[in-house]
Amino acid sequence: MAITYENVVFDRVIESLNTLLGNEFSIPIRYDEHKGNQSFLITLGEDELVDYNSDGQTRIYSIAISYEVVSGGEYNKNHIKQVSETAERVKRLIQDNTAYSPSDVYKWHDGRIEGITYSMGDDMLHAALDFTCTVTEVN
């Protein structure tokens with residue numbers, strides 16, 4: 001007999017992040033690599049068991065959200081402002097959705113941006129945001 005399960009990290013976390021970012025920004029969301037002048041890239045991180053009992057389990061999921069903008073090799077105040085402004089907006093978006101239950105359907109709680117790392121490459125500016133949330137699954 002086949003088991004019954006839910007792909008929690010994808011169905012609850014990744015899809016919800018895609019929805020939140022897509023509704024807030026007019027920036028492409030990618031899963032393989034950055035493309036175009038600017039994009040978000042979502043990649044899987046960690047899946048950590050916090051609590052396990054006969055009724056279900058609680059897990060912490062970590063997802064990397066990176067934002068990249070092509071600068072053409074120029075780094076000026078406007079480029080820095082664009083990258084930091086987008087990162088700050090994502091931070092606020094997650095803060096406003098720390099407990100995410102659209103249409104009263106539970107997805108996660110304790111959603112947060114744990115940290116942001118900014119970097120520059122030859123022709124791009126990059127912000128790497130560490131997203132973490134807690135999901136309680138009931139059997």
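Residues numbered from 1 in each chain as written. Predicted model: local features only at pLDDT ≥ 70, side-chain atom pairs only at ≥ 80, totals over all residues. Heavy atoms only, no water.

Some details on the overall build of the protein
And step 1. When you go through the protein residue by residue, the secondary structure sums to 2 helices and 5 strands.
And step 2. When the elements of the protein are put in sequence order from the N terminus, they spell out α-β-β-β-α-β-β.
And step 3. Taken along its principal axes, the extent of the C-alpha atoms in the protein is 55 × 30 × 25 Å.
And step 4. A buried classification covers 37% of the 139 residues belonging to the protein.
And step 5. Here the contacts in the protein between residues at least 6 apart in sequence split such that 60% fall between residues at least 24 apart.
And step 6. Accessible surface, the protein as shown: approximately 8400 Å² in total, 47% of it carbon and sulfur. (Helix = DSSP H or I, 4+ residues; strand = E, 2+ residues; numbered from the N terminus. Buried < 20%, exposed > 50% of the residue type's maximum accessible area, 1.4 Å probe, protein only. Contact = heavy atoms within 4.5 Å. Areas by Shrake-Rupley, 256 points an atom, 1.4 Å probe, with all protein chains shown as cover.)

Describing the environment of Ala 87
And step 1. For Ala 87, the position within the fold is in helix H2 (residues 77-96).
And step 2. Since its relative accessible area comes to 1%, Ala 87 is described here as buried.
And step 3. Once the C-alpha coordinates of Ala 87 and Ala 128 are considered, the two residues, 41 residues apart in sequence, prove to be 8.5 Å apart.
And step 4. Here Ala 87 is in contact with Ile 116, Tyr 118, Ala 127 and Leu 129, once residues within four sequence places are set aside.

Remarks on H2
And step 1. Under the 1.5 Å per step criterion, the end-to-end length of H2 is 28 Å for 20 residues, consistent within 8% with the ideal 28 Å.
And step 2. The backbone nitrogen of Asn 78 lies 2.9 Å from a side-chain oxygen of the residue at the head of H2, namely Asn 76. (Expected span 1.5 Å × (residues − 1). Polar contact = N/O pair within 3.5 Å; in protein donor to acceptor, adjacent residues only side chain to side chain.)

Description of the pairing of strand E3 (residues 56-70)
And step 1. Across the 15 residues that make up E3, a large majority, 11, are buried.
And step 2. The pairing of strand E2 (residues 38-53) with E3 spans 13 bridges and is antiparallel. Among the inter-strand pairings, Glu 48 is bridged to a residue of E3, identified as Ile 60.
And step 3. Between the end of E2 and the start of E3, which pair antiparallel, lie 2 residues.
And step 4. Across 15 bridges, E3 lies against strand E5 (residues 124-138) in antiparallel orientation. Looking at E5, one finds that Ile 63 is bridged to Phe 131. (Pairing = 2+ DSSP bridges.)

Some details on the environment of Tyr 118
And step 1. Topologically, Tyr 118 is positioned in strand E4 (residues 109-120).
And step 2. Along the sequence, Tyr 118 and Ile 63 sit 55 residues apart, while their C-alpha atoms lie 17 Å from each other.
And step 3. Excluding residues that lie within four positions of it along the chain, Tyr 118 makes contacts with Val 83, Ser 84, Ala 87, Glu 88, His 126 and Ala 127.

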